[in-house]
Amino acid sequence: QVQLVESGGGLVQAGGSLRLSCAASGRTFSGYGMGWFRQAPRKGREFVAAISWSGSTYYTDSVKGRFTISRDNAKNTVYLQMNSLKPEDTAVYYCAADSDVRAIIAGTSAYWGQGTQVTASS
């Protein structure tokens, strides 16, 4: 059974930082892309960032220069370093994985985590 387990969410003041982690298990993820989405209250799920198996990265415009996605293939883990957090970054953050990184960007990933809450207070 495939599992994506997120961790690292929490409450920070605006301008602060958090690092999210997502550990994948249950199958081999060799060759898989991984990424992050978020969903704020009363809003739809939004693409945040993705990384291919080879390390190519993709970001939504609103987080460029503030968030960094990275991965450790040996650990089947993806990270999201979030700096200069803003109140509008407040959301539940979901990890995603798929054999095609384009599916992650499109929001049609095969696998999803349960989410972790991130709150940036003003």
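Cut-offs and rules
Residues numbered from 1 in each chain as written. Predicted model: local features only at pLDDT ≥ 70, side-chain atom pairs only at ≥ 80, totals over all residues. Heavy atoms only, no water. Pairing = 2+ DSSP bridges. Helix = DSSP H or I, 4+ residues; strand = E, 2+ residues; numbered from the N terminus. Axes fitted to C-alpha atoms, helices over the stretch in contact; angles between N-to-C directions. Buried < 20%, exposed > 50% of the residue type's maximum accessible area, 1.4 Å probe, protein only. Contact = heavy atoms within 4.5 Å. Phe/Tyr/Trp six-rings, centres within 6.5 Å; stacked < 30°, edge-to-face > 60°. Lys NZ or Arg CZ within 6 Å of the ring centre and 35° of its normal. Lys, Arg positive; Asp, Glu negative; His and termini not counted. Salt bridge = Lys/Arg side-chain N within 4 Å of Asp/Glu carboxyl O. Polar contact = N/O pair within 3.5 Å; in protein donor to acceptor, adjacent residues only side chain to side chain. Disulfide = S-S within 2.5 Å.

K.L.:
Could you give an account of the sheet that holds strand β7 (residues 67-72), with specific residues and numbers?
P.N.:
If you walk across this open sheet you meet the 4 strands as β1-β3-β8-β7, and the pairing is antiparallel. Both edges of this open sheet fall to β1 (3-7) and β7, since each of them pairs with a single strand only. Between one strand axis and the next, the sheet turns by 15 degrees as a mean value, whatever way the strands run. Across 6 bridges, the pairing between strand β3 (residues 18-25) and strand β8 (residues 77-82) is antiparallel. Paired with A23 across the strands is T77, a residue of β8.

K.L.:
Explain the side chain of S109 to me, using residue names and the numbers behind them.
P.N.:
Mapping S109 onto the fold places it in the loop between α1 (101-106) and β10 (111-112). Residue classification places S109 among the buried residues on the basis of a relative accessible area of 8%. With residues up to four places along the chain from it excluded, the contact list for S109 reads A96, A97, D98, A103 and I104.

K.L.:
So what's going on with the packing of aromatic side chains? Residues and values would help.
P.N.:
Using the criterion set out here, one finds 5 aromatic pairs in the structure. Here F29 and Y32 contribute two aromatic rings whose centre-to-centre distance is 5.2 Å and whose plane-to-plane angle is 80 degrees, an arrangement assigned as edge-to-face. Among the residues examined, Y32 registers a relative accessible area of 10% and is labelled buried. In this structure, R45 is placed above the aromatic ring of W112, and the distance from its NZ or CZ to the ring centre is 4.7 Å.

K.L.:
If you had to explain the environment of S52 to someone new, which residues and values would you point to?
P.N.:
Of note, S52 is situated in the loop between β5 (45-51) and β6 (57-59). Residue classification places S52 among the buried positions, given a relative accessible area of 10%. Along the chain, S52 and Q81 lie 29 residues apart, while their C-alpha atoms are 17 Å from each other. Ignoring sequence-local partners within four residues, the contact set of S52 consists of Y32, G33, R71 and V101.

K.L.:
Describe the side chain of D98, and please don't skip the residues or the numbers.
P.N.:
With respect to the helices and strands, D98 occurs in strand β9 (residues 91-98). For the buried D98, no salt bridge exists, and the shortest N-O distance to an oppositely charged side chain is 8.6 Å, to R102. In this structure the side chain of D98 is engaged in a polar contact, spanning 2.9 Å, whose partner is the backbone nitrogen of D100. There is a polar contact of 2.8 Å between the side chain of D98 and the backbone nitrogen of A110.

K.L.:
Before we move on, could you go through the state of the cysteines and cite the residues and values that matter?
P.N.:
Within this structure, the stated rule accounts for 1 disulfide. Linked covalently through their sulfurs, C22 and C95 form a disulfide whose S-S length is 2.0 Å. On the S-S bond that ties C22 to C95, the torsion sits near -80 degrees, and the link is left-handed. You can see C22 sitting in strand β3 and its partner C95 sitting in strand β9, a full 73 residues away along the chain. Like C22, the residue C95 is buried in the burial classification.

K.L.:
Provide a residue-level description of the pattern of salt bridges, including the pertinent values.
P.N.:
Summed over the entire model, instances satisfying the criterion amount to 5 salt bridges. One salt bridge in this structure joins R66 and D89, with 2.7 Å as the shortest N-O distance. You can see R66 sitting in the loop between β6 and β7 and its partner D89 sitting in the loop between β8 and β9, a full 23 residues away along the chain. Neither residue differs from the other here; R66 and D89 are each classed as buried. Each of the salt bridges in this network shares a partner with another, and the network as a whole consists of R38, E46, R66 and D89.

Read these as spatial facts, not as claims about activity.
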